[in-house]
Amino acid sequence: MADETFESTILPVMPMKEMVVFPSAITPLFVVRPRSLASLEEALAKDKHLFLVAQRDVDTENPGPKELYPVGTVSEVLQVLRVPDGSAKILVEGKYAAKSVDFLKNERFLQALVVRLKIAQQESRQIEALKRALLSQFEVYARASDRIPEDLYNSIRGITEPLNLVNSISNY
């Protein structure tokens, strides 16, 4: 269950096509669209934080607030590699889930007031059973996939907090 807190901030928004960055995930991204590049520049000029949010229709080239889902991830830009064609390859780390509550007028890039979402976590037998089932299914996937090295699998197996476990596995 998500419970909004009063912690809010204004951040540049980067719409994501067919991708979700989860909290605690370190993810490489290619930034090509002019408005997304402007959002990146704004983030780098301030505190390196972006609001990454999935867009509803991947065919929309310049999505506005109505074409974006309300919940996304506040992420920190860790690395930037400029490409000669003007695009950028970046590495981001998801920090926390957030919800956009308002968009600010800005011609160069999307900017939103976002509120951090606090996810209530409860320990129970059912949660423990679901964790075991999730780890079991992830083990099957990891053994069948070339994408999951043994040390990564072992690291994920060691995660005890349910939400961190779900977020970590969701990247694969």
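Residues numbered from 1 in each chain as written. Predicted model: local features only at pLDDT ≥ 70, side-chain atom pairs only at ≥ 80, totals over all residues. Heavy atoms only, no water.

K.L.:
Is there a simple way to explain the overall build of the protein in this structure?
P.N.:
Regarding its fold elements, the protein presents 4 helices and 6 strands. Counted from the first residue to the last, the protein has its helices and strands arranged as β-β-α-β-β-β-β-α-α-α. Here the C-alpha coordinates of the protein stretch approximately 50 × 40 × 30 Å along the principal axes. Expressed as a percentage of the 172 residues in the protein, the buried residues total 37%. For the protein, the proportion of contacts with a sequence separation of at least 24, taken over those separated by at least 6, is 62%. Surface accessibility of the protein: about 10,400 Å² in total, with carbon and sulfur atoms responsible for 53%. Taking the average location of the 21 positive side-chain charges in the protein and that of its 23 negative ones, the two points are 1 Å from each other. (Helix = DSSP H or I, 4+ residues; strand = E, 2+ residues; numbered from the N terminus. Buried < 20%, exposed > 50% of the residue type's maximum accessible area, 1.4 Å probe, protein only. Contact = heavy atoms within 4.5 Å. Areas by Shrake-Rupley, 256 points an atom, 1.4 Å probe, with all protein chains shown as cover. Lys, Arg positive; Asp, Glu negative; His and termini not counted. Charge placed at Lys NZ, Arg CZ, Asp CG, Glu CD.)

K.L.:
Help me understand the confidence of the model for the protein, please; the structure alone is not making it clear to me.
P.N.:
Fine structural detail should not be taken from predicted coordinates in areas where pLDDT scores are low. On average, residues of the protein score 91 in pLDDT, and 97% of them are at 70 or above. A low-confidence stretch, residues 1-5 stays under pLDDT 50, and its non-local contacts, those more than four residues away or across chains, total 14 contacts. (pLDDT = per-residue confidence, 0-100.)

K.L.:
In this structure, what is going on with unusual backbone geometry? I would like to understand it.
P.N.:
Excluding glycine, residues mostly carry a negative phi; peptide bonds, for their part, are mostly trans. In this model, E18 sits at a positive phi of 50 degrees, which is unusual for a non-glycine residue. Overall, E18 belongs to the exposed group, its relative accessible area being 71%.

K.L.:
Help me out: how do you make sense of the side chain of S36 in this one?
P.N.:
By the secondary structure assignment, S36 is in helix α1 (residues 34-45). If sequence neighbours within four positions are ignored, S36 has contacts with M14, P15 and V31.

K.L.:
I would appreciate a short explanation of the pattern of salt bridges in the present structure.
P.N.:
A side chain of one charge can pair with a side chain of the opposite charge if their charged atoms are brought near each other. Applying the stated criterion across every chain yields a total of 9 salt bridges. In this structure, the salt-bridge partner of E7 is R116, at a minimum N-O distance of 3.9 Å. Of this pair, E7 sits in strand β1 (residues 2-16) while R116 sits in strand β6 (residues 111-119), placing them 109 residues apart in sequence. Across the pair R143 and E150 runs a salt bridge whose closest N-O atoms are separated by 3.8 Å. R143 gets classed as exposed once you look at its relative accessible area, which sits at 53%. A cluster of three or more residues bridged by salt bridges with shared partners is formed by E76, E93 and K95. (Salt bridge = Lys/Arg side-chain N within 4 Å of Asp/Glu carboxyl O.)

K.L.:
Please explain the packing of aromatic side chains as it appears in this structure.
P.N.:
The geometry of two aromatic rings is summed up by the distance between their centres and the angle between their planes. In the structure shown here, the tally under the stated rule is 2 aromatic pairs. On the numbers, 6.4 Å between centres and 35 degrees between planes, the contact of F138 with Y141 is tilted. One end of the pair, F138, and the other, Y141, are both in helix α2 (residues 125-144), 3 residues apart, so they sit about a helical turn from each other. The ring of Y69 has R56 lying over it, and the distance from NZ or CZ to the ring centre is 4.5 Å. (Phe/Tyr/Trp six-rings, centres within 6.5 Å; stacked < 30°, edge-to-face > 60°. Lys NZ or Arg CZ within 6 Å of the ring centre and 35° of its normal.)

K.L.:
What am I meant to see in α1 here?
P.N.:
For α1, spanning 12 residues, the distance from its first C-alpha to its last is 16 Å, which sits close to the expected 16 Å at 1.5 Å a residue. The set of residues buried in α1 consists of S36, L37, A38, S39, L40, E42 and A43. (Expected span 1.5 Å × (residues − 1).)

K.L.:
Even after reading the chapter, I still don't get the pairing of strand β2 (residues 26-31), so can you show me in this structure?
P.N.:
A regular strand places its side chains so that they alternate between the two faces of the sheet. Here β2 shows one buried face, formed by T27, L29 and V31, and one open face, formed by I26, P28 and F30. Both β2 and strand β5 (residues 88-104) contribute to a ladder of 6 bridges, which runs antiparallel. From the neighbouring strand, T27 faces β5, where its bridge partner is V92. (Pairing = 2+ DSSP bridges.)

K.L.:
Got a minute to help me understand the packing of α2 against helix α4 (residues 162-170) in this structure?
P.N.:
Two quantities define a packed helix pair, namely the angle between the helix axes and the distance between the axes. Where α2 meets α4, the axes come as close as 11 Å, and the angle between the chain directions of the two elements is 20 degrees. Taken together, the axes of α2 and α4 lie roughly parallel to each other. The element α2 and its partner α4 pack so that their crossing is left-handed. Every residue of α4 that contacts α2 at I127, K131, L134, L135 and F138 is listed here: P162, L165, V166 and I169. (Axes fitted to C-alpha atoms, helices over the stretch in contact; angles between N-to-C directions. Parallel < 35°, antiparallel > 145°, perpendicular 65-115°, else oblique. Left-handed = near helix turned anticlockwise from the far one by under 90°.)

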